Amino acid sequence: MSAGYELAQVNIGRMLAPLDTPVMKDFVDNLDEVNAAAEAAEGFVWRLVDEYGDNATGFRFYGDEWLIVNMSVWTDAATFRDYVYGPMHRPFLQRRREWFEHLAEAVTALWWVPAGERPTVQDAEKRLTMLREKGPTAEAFTMKETFAPPEA
């Protein structure tokens, strides 16, 4: 990690049903615990929260009422990866098809932001679109194909 940059990530999901339905109950019921684990994880810097301050389920992506967004900032790709595939988050990742449609296009994008900068949903839409159109580049990449931060 470069001291001048932090790693931003966005991931989206197209819900199978509204958040207040039985289909989404386990997902919604575990958001606080999963988010608390992220906040306690090594390398965590920030996460997007809506006006209620608990999670980001109030935001939509690409203007689509069925697409919800998760966005956070980490010190580096290794600590983000450790959290995603760690014991708290991985079980929910493995269950994602219970709550979200499989999308053929990329649903996760990573990019470097200057330390202290907090990306917006519009920034994330731009980066995910860039990844979908151009594939992994230094401006928008994946966990499988990461890029080093810009020179500070």
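Residues numbered from 1 in each chain as written. Predicted model: local features only at pLDDT ≥ 70, side-chain atom pairs only at ≥ 80, totals over all residues. Heavy atoms only, no water.

Draft legend 1. Highlighting the environment of Glu151. Locating Glu151 in the fold gives a position in the segment after helix H4 (121-134). Take Glu151: its relative accessible area is 75%, and that puts it in the exposed class. Taking the C-alpha atoms as reference points, Glu151 and Phe100, separated by 51 residues in sequence, lie 37 Å from one another. (Helix = DSSP H or I, 4+ residues; strand = E, 2+ residues; numbered from the N terminus. Buried < 20%, exposed > 50% of the residue type's maximum accessible area, 1.4 Å probe, protein only.)

Draft legend 2. Spotlight on the nonpolar core. Of all hydrophobic cores here, the largest spans 23 residues; its most connected members are Leu7, Met24, Phe27, Phe80 and Phe100. Counting residues per element, the ones that place at least two in this core are strand S1 (5-14), helix H1 (25-40), strand S3 (67-74), helix H2 (77-84) and strand S4 (108-114). Excluding its chain neighbours within four sequence positions, the residues that come into contact with Leu7 are Ser72, Val73, Trp74, Thr75, Asp76, Ala77, Phe80, Leu110, Trp111, Trp112 and Phe141. Counting 20 residues, the second largest nonpolar core, distinct from the first, contains Leu48, Ala56, Met71 and Ala124. (Core = buried A, V, L, I, M, F, W, Y, C linked by side-chain atoms within 4.5 Å. Contact = heavy atoms within 4.5 Å.)

Draft legend 3. Fine view of unusual backbone geometry. A positive phi is found at Tyr62, a non-glycine position, where the angle reads about 55°. Within the element layout of this structure, Tyr62 appears in the loop between strand S2 (44-47) and S3.

Draft legend 4. Up close: the confidence of the model for the protein chain. Averaged over all residues, the pLDDT of the protein chain is 93; the fraction at 70 or higher stands at 97%. Per-element confidence in the protein chain is highest for S4, whose mean pLDDT is 98, and lowest for helix H3 (residues 90-94), whose mean pLDDT is 91. (pLDDT = per-residue confidence, 0-100.)

Draft legend 5. Structural view of the environment of Asn30. Here Asn30 lies in helix H1. For Asn30, a relative accessible area of 18% corresponds to the buried category. C-alpha separation for the pair Asn30 and Glu105, spaced 75 residues apart in sequence, amounts to 26 Å.

Draft legend 6. Expanded view of the pairing of S3. Extensive coverage of S3 is indicated by the burial of seven of its eight residues. Note: S1 against S3, eight bridges, orientation antiparallel. When the bridges of S3 are listed, Asn11 appears paired with Asn70. As defined by bridge partners, S2 adjoins S3 across three bridges and the pair is classed as antiparallel. Its bridge partner lying in S3, Phe44 is registered against Trp74. (Pairing = 2+ DSSP bridges.)

Draft legend 7. Spatial organisation of the sheet that holds S1. Pairing is antiparallel in the open sheet, where four strands are placed in the order S2-S3-S1-S4. Where the open sheet ends on each side, the last strands, each with one partner, are S2 and S4. Taken over all neighbouring pairs, the strand axes of this sheet differ in orientation by 25° on average, direction set aside. Against the sheet, H2 contacts S1, S3 and S4, and its axis sits at roughly 130° relative to S3. (Axes fitted to C-alpha atoms, helices over the stretch in contact; angles between N-to-C directions.)

Draft legend 8. Quick look at the packing of aromatic side chains. Inspection of every chain in the model, using the stated rule, returns nine aromatic pairs. The interplanar angle of 50° and the centroid separation of 5.7 Å between the aromatic rings of Phe27 and Trp99 together place this pair among those described as tilted. Taken together, the residues Phe27 in helix H1 and Trp99 in the loop between H3 and S4 connect sequence positions 72 residues apart. Residue Phe27 shares its accessibility class with Trp99, and that shared class is buried. An aromatic cluster of three or more residues is present, and its members are Phe27, Phe92, Trp99 and Phe100. (Phe/Tyr/Trp six-rings, centres within 6.5 Å; stacked < 30°, edge-to-face > 60°.)

Draft legend 9. Fine view of H2. Residues of H2 that are buried include every one of Ala77, Thr79, Phe80, Tyr83 and Val84, and no others. Taken end-on, H2 shows its buried residues confined to a sector of 165°, consistent with a single buried face. Those residues of H2 that are buried lie in contact with S1, H1, S3, H3 and S4. Sitting at the head of H2, Asp76 places a side-chain oxygen 3.1 Å from the backbone nitrogen of Ala78. (Arc of directions from axis to C-beta. Polar contact = N/O pair within 3.5 Å; in protein donor to acceptor, adjacent residues only side chain to side chain.)

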